[in-house]
Amino acid sequence: MTLGAGLAVLTLAPSATPANASERKGTSEKVKISVTVHKGGFATVNSYILSNGRSLTVIDVQRTKAEAQKLADQVRRLGLPLRQVLITHGHTDHFAGMPLFRDQFPQARILAANKNIRRDIKDYAVYMDGLGALDESLRPKSRSFPQGFDYEHDIKLLGGKKLHLQGGGSCEVETDYPATEAHYMTTVYCPSNNALFLSDLAYNKVHPWMGDDITLDRVAVWREELGNLRDRYRSLNPVVYPGHGDPGDLSMLNEQIGYFDNYLRIVRSAKNIDDATARITALYPDYKEADFFLHWSLINHMS
């Protein structure tokens, strides 16, 4: 992962919740939750700020100090206390802002949904450090490097399947996914405003990241999981918030499934990386991150 620049922030009004969705939930789930979308300049990565009107929760914290600072500034402009930060998975474009948020918002807990995700965050930090692509503030704390980030202490565990907002409202947390874009992944569904946060299971008009150790078999599993998600949430028709790209609806999952079908076909038949790049970008000329995500994905699968 590398540096990026630029930012856009917007608030998206969710679609109406089906009449029976909130009725079958407890009182806490009926508290309305608003969503502010924070678009990072690096790799079109998103952070999300949830508000119940009394406190804030942030989902993912960007890739660099500069990007994380823009997110922190936006949190302050909302004028409510930040109480928790949820890191969805172990990729640096989603967790690199942790030291800044720990220092600037000491009252806010940094959370991972379970031990596997917390371990994956640390393992990926070690991996990126070995490539020389990690900020020193994220280097794991050790006897030889006592000023490093204490992953076991500074990242708390959620301890359940609910993400509760201080002051009311809660969302459902799911982690029961096979290895796809990451070894472990967290998704969040908020019934009160019918909002589905799919993290990096979903990309919207952005070439998905398939570099590192993501095999073609894992891409096929990822494709299947998107179909499962589409079918599971079809009756609710939620607003879908992807890890990269604009929010939308479940149709983005159908488009991503089609993308994977084309990608797998082209990778297996292309003469070389240049040929594959030309064929994929011709099919998806408006997709972002061709020079980054697509480039390294093809190197991973065709070199």
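Provided above is the structure to which this section pertains.
None of these values were measured; they are calculated from a predicted model. (Residues numbered from 1 in each chain as written. Predicted model: local features only at pLDDT ≥ 70, side-chain atom pairs only at ≥ 80, totals over all residues. Heavy atoms only, no water.)

> Can you break down the pattern of salt bridges residue by residue, with the values?
Summed over all chains, the structure comprises 16 salt bridges. In this structure, the salt-bridge partner of lysine 70 is glutamate 67, at a minimum N-O distance of 3.6 Å. Pair noted here: lysine 70 and glutamate 67 are both in helix α3 (residues 65-77), with a separation of 3 residues, about one helical turn. Among the residues examined, glutamate 67 registers a relative accessible area of 1% and is labelled buried. Between aspartate 103 and arginine 102 there is a salt bridge, with its nearest N and O atoms 3.0 Å apart. Overall, the relative accessible area of 52% leaves aspartate 103 in the exposed class. Taking the relative accessible area as the measure of exposure, arginine 102 reaches 27% and is therefore partly exposed. A single network of salt bridges, built from pairs that share partners, joins Arg102, Asp103 and Asp154. (Salt bridge = Lys/Arg side-chain N within 4 Å of Asp/Glu carboxyl O. Helix = DSSP H or I, 4+ residues; strand = E, 2+ residues; numbered from the N terminus. Buried < 20%, exposed > 50% of the residue type's maximum accessible area, 1.4 Å probe, protein only.)

> Can you tell me about the side chain of threonine 186, naming the residues and giving the values?
Relative to the helices and strands, threonine 186 resides in the loop between β9 (170-174) and β10 (187-190). A distance of 2.9 Å separates a polar atom in the side chain of threonine 186 from the backbone oxygen of threonine 88. When neighbours within four sequence positions are excluded, threonine 186 is seen to be in contact with Leu86, Ile87, Thr88, Ala113, Ile117, Val173, Glu174, Thr175 and Ser199. (Polar contact = N/O pair within 3.5 Å; in protein donor to acceptor, adjacent residues only side chain to side chain. Contact = heavy atoms within 4.5 Å.)

> Before we move on, could you go through the sheet that holds β9 and cite the residues and values that matter?
Taken in spatial order, the 5 strands make up an open sheet running β8-β9-β10-β11-β12, and their pairing is mixed. Because the sheet does not close on itself, it has two edges, and the strands there are β8 (162-164) and β12 (239-244). Taken over all neighbouring pairs, the strand axes of this sheet differ in orientation by 30° on average, direction set aside. As defined by bridge partners, β10 adjoins strand β11 (residues 195-203) across 3 bridges and the pair is classed as antiparallel. (Pairing = 2+ DSSP bridges. Axes fitted to C-alpha atoms, helices over the stretch in contact; angles between N-to-C directions.)

> Tell me about the packing of helix α8 (residues 216-233) against helix α9 (residues 251-269), and please be specific about residues and values.
Put simply, α8 and α9 touch, their axes get as near as 9 Å, and they point 160° apart. When the axis of α8 is compared with that of α9, the two are roughly antiparallel. The two elements α8 and α9 cross, and the hand of that crossing is left-handed. Listed contacts from α9 to Leu216, Val219, Trp222, Arg223, Leu226, Gly227, Leu229 and Arg230 of α8 are Leu253, Asn254, Gln256, Ile257, Phe260, Asp261, Tyr263, Leu264, Val267 and Arg268. Its residues assigned to classes, the contact of α8 with α9 comprises 11 nonpolar, 3 polar and 4 charged. (Parallel < 35°, antiparallel > 145°, perpendicular 65-115°, else oblique. Left-handed = near helix turned anticlockwise from the far one by under 90°. Nonpolar A, V, L, I, M, F, W, Y, C, P; charged D, E, K, R; others polar.)

> Break down the nonpolar core for me, citing the residues and quoting the values.
The nonpolar side chains of a soluble globular protein tend to be buried, and buried together. If you look at the biggest cluster of nonpolar residues, it comprises 50 residues, and the most contacted ones within it are Met98, Phe101 and Phe197. Tallying contributions element by element places helix α6 (residues 115-130) first for this core, with 5 residues. In terms of nonpolar packing, the next biggest core, distinct from the first, is built from 42 residues, Ala202, Leu229, Ile257 and Val267 among them. (Core = buried A, V, L, I, M, F, W, Y, C linked by side-chain atoms within 4.5 Å.)

> Lay out the pairing of strand β6 (residues 109-112) with the relevant residues and their values.
Residues in a regular strand project their side chains so that they alternate between the two faces of the sheet. Where strand β5 (residues 82-86) meets β6, 3 bridges bridge the pair, whose relative direction is parallel. Bridge pairing in β6 places glutamine 84 opposite arginine 109.

> Lay out helix α11 (residues 290-302) with the relevant residues and their values.
For α11, spanning 13 residues, the distance from its first C-alpha to its last is only 16 Å, which falls clearly below the expected 18 Å at 1.5 Å a residue. Along α11, the positions that sit buried rather than exposed are Phe292, Phe293, Leu294, Ser297, Leu298 and His301. Its buried side turned inward, α11 meets β11, α8, β12, α9 and α10 (273-283). (Expected span 1.5 Å × (residues − 1).)

> Tell me about the state of the cysteines, residues and numbers included.
Summed over all chains, the structure comprises 1 disulfide. Across the disulfide from cysteine 171 sits cysteine 190; the S-S distance is 2.0 Å. On the sign convention where negative means left-handed, the S-S torsion of about 95° between cysteine 171 and cysteine 190 marks this disulfide as right-handed. Placement of the pair is cysteine 171 in strand β9 and cysteine 190 in strand β10, with a sequence separation of 19 residues. For cysteine 171, a relative accessible area of 0% gives the class buried. (Disulfide = S-S within 2.5 Å.)

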